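# Coordinate analysis (summary)
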Amino acid sequence: MKDPTKGLVAHGVSTCAGCGLELAIRVILDVMGENTIIVIPPSCSALFSGFGNETTLRIPGVQGNLENTAAIAAGVRAGLEYQGKGDINVLGLAGDGGTADIGLQSLSGALERGDKILYVCYDNEAYMNTGIQGSSSTPMGAWTTTTPYGKPVKRKNLMQIVGAHGIPYAASASIGYIDDLRKKVVKAKAAIAEGPAFLHIHAPCPTGWGYDPALTVELAKLAVSTRCWNLFELVDGSKVNITKKVNKVKPAEEYLTPQKRFTGIDATTLAMVQTQIDKDYARLELLAGLSCETDSAA
């Protein structure tokens, strides 16, 4: 196995200590390879596209506006195909704010059109680059500067929205499970020969979440073992495959407690969070079961 700390990303970058995004982008580019053009919006990921003639990446890229990562990637893809360069990968890399919120329209358009791009959303659950404002991906009960008493509503189900487009491949992943992440990037890279692929990667943020940077990977794993973040694949928008089944489930409180952003969560909200987690997983299991039944019936 190649060393993901070397290759297309510089050995030293200016991300925060314990940044989940840095680990994710090293793995992604290690799989995608140098024959890739990356599109990055203003965000934490802009640290990788650099400023002026400075960059931390050894591949060509474009830094666009916050809302149009998918649109720019689609344009780059169209330009390459016009030139007969269909073998070059086009990668969009944006956070949850630039994907689930302001970038959702352009993402939906690219998915609808079937543009052959890989779009990656690294989800640190708020607008971390601009002051830790809440996004539609911020979990219920979490503190942000725009939800100082805890977010009163549940997060948006981005994977369900993406799945409704029926694209060839979509998957959730986590920096806590690198082997699983790597396998999904490989599958996504292969899928863009047929159409769009989408990866939704959980990337803990010590700055915005308020935890010891040394706990990033441990916390990412806790999110999965408490079912606060589920690992699964969506193939053609209908076939669901749970890639990490959790048998000994831990209570959500065990994941929330180490994070200062959940310090003010009350018992009522905590119970609502746990109920929602249980409902989401039950629905996921149902969809996975239906997918298996469909396959066996065929």
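For the structure, see preceding data.
The structure contained in this document is the topic of the report that follows. (Residues numbered from 1 in each chain as written. Predicted model: local features only at pLDDT ≥ 70, side-chain atom pairs only at ≥ 80, totals over all residues. Heavy atoms only, no water.)

### Structural notes on the pairing of strand β7 (residues 232–235)
Quick note on the threshold: Strands qualify as paired when DSSP identifies two bridges or more between them. The helix count covers DSSP runs of H or I at least four residues long, the strand count covers runs of E at least two residues long, and both are numbered beginning at the N terminus.
Across three bridges, strand β5 (residues 169–174) lies against β7 in antiparallel orientation. Residue pairing in the sheet places A170 in a bridge with L234 of β7. Counted between consecutive antiparallel strands, the loop separating β7 from strand β8 (residues 239–242) contains three residues, among which D236 sits at a positive phi close to 55°.

### Concerning the layout of surface pockets
Where we set the bar: The rule is simple: put a 1 Å grid over the protein atoms alone, call a set of points where a 1.4 Å probe fits but cannot get out a cavity, call an open set with protein on both sides within 12 Å along at least five of seven lines a pocket, and count a residue as lining if it has an atom within 4 Å of a point. Grid points are joined across faces, edges and corners, and a volume is the space filled by probe spheres set on the points.
Its boundaries defined by the atoms lining it, the largest pocket holds a volume of some 940 Å³. In this structure, the largest pocket is lined by 36 residues; those nearest its centre are R155, K156, N157, N230 and D280. Broken down by secondary-structure element, the contributors of at least two residues to the lining of the largest pocket are α6 (158–163), β6 (197–202), β7, α10 (252–256) and α11 (267–297). Considering each element in turn, the lining of the largest pocket owes the most residues, nine residues, to α11.

### Description of the pattern of salt bridges
As a reminder of what qualifies: We count a salt bridge whenever a side-chain nitrogen from Lys or Arg sits within 4 Å of a carboxyl oxygen from Asp or Glu. Residue exposure (1.4 Å probe, protein chains only): buried if accessible area is under 20% of the type maximum, exposed if over 50%, otherwise partly exposed.
Within the structure shown, the criterion is met by 10 salt bridges. Salt-bridge contacts for D30 lead to R182; the nearest nitrogen and oxygen are separated by 2.8 Å. Here D30, found in helix α1 (residues 20–32), pairs with R182, found in helix α7 (residues 178–191); they are 152 residues apart in sequence, far enough to count as distant. In this structure, D30 and R182 share a single accessibility class: buried. As a salt-bridge pair, E233 and K187 come within 2.8 Å of each other at their nearest N and O atoms. Of the two residues, E233 is situated in strand β7 and K187 in helix α7; the sequence distance between them amounts to 46 residues. For K187, a relative accessible area of 42% puts it in the partly exposed group. Connected through shared salt-bridge partners, D123, E125, R155 and R261 make up one network.

### Quick word on the packing of aromatic side chains
We count it as follows: Here the aromatic set is Phe, Tyr and Trp, taking the six-membered ring for Trp, and pairing holds for ring centres within 6.5 Å; pairs whose planes are under 30 degrees apart are stacked, those over 60 apart are edge-to-face, and all others are tilted.
Using the criterion set out here, one finds two aromatic pairs in the structure. The interplanar angle of 15° and the centroid separation of 6.0 Å between the aromatic rings of Y119 and F198 together place this pair among those described as stacked. Here the residue Y119 occupies a position in strand β4 (residues 118–123), and F198 occupies one in strand β6, the gap between them amounting to 79 residues. With relative accessibility at 1%, the residue Y119 sits in the buried group. Exposure remark for F198: the relative accessible area of 0% places this residue in the buried category.

### Focus on the environment of T207
Test applied: Should any heavy atoms of two residues lie within 4.5 Å, those residues are considered in contact.
Looking at the element boundaries, T207 is found in helix α8 (residues 206–209). Setting aside its immediate chain neighbours within four residues, T207 contacts C16 and I132.

### Considering the sheet that holds β6
Where we set the bar: In this description, a line fitted to the C-alpha atoms serves as the axis of each element, helices being fitted only across the stretch in contact, and the angle between N-to-C directions of two axes falls anywhere from 0 to 180 degrees.
Reading across from one edge, β2-β1-β3-β4-β6-β5-β7-β8 is the order of the eight strands in this open sheet, with mixed pairing throughout. On the outer flanks of this sheet lie β2 (61–63) and β8, each paired with one strand and no other. Strand-to-strand, the axes of this sheet are offset by a mean angle of 15°, without reference to chain direction. Bridge count between β5 and β6: six bridges; the pairing is parallel. Note on β6: the bridge partner recorded for A171 is L199. Sheet strands touched by α1: β1 (36–40), β3 (89–95), β4 and β6. Its angle to β3, the strand with the most contacts, is close to 170°.

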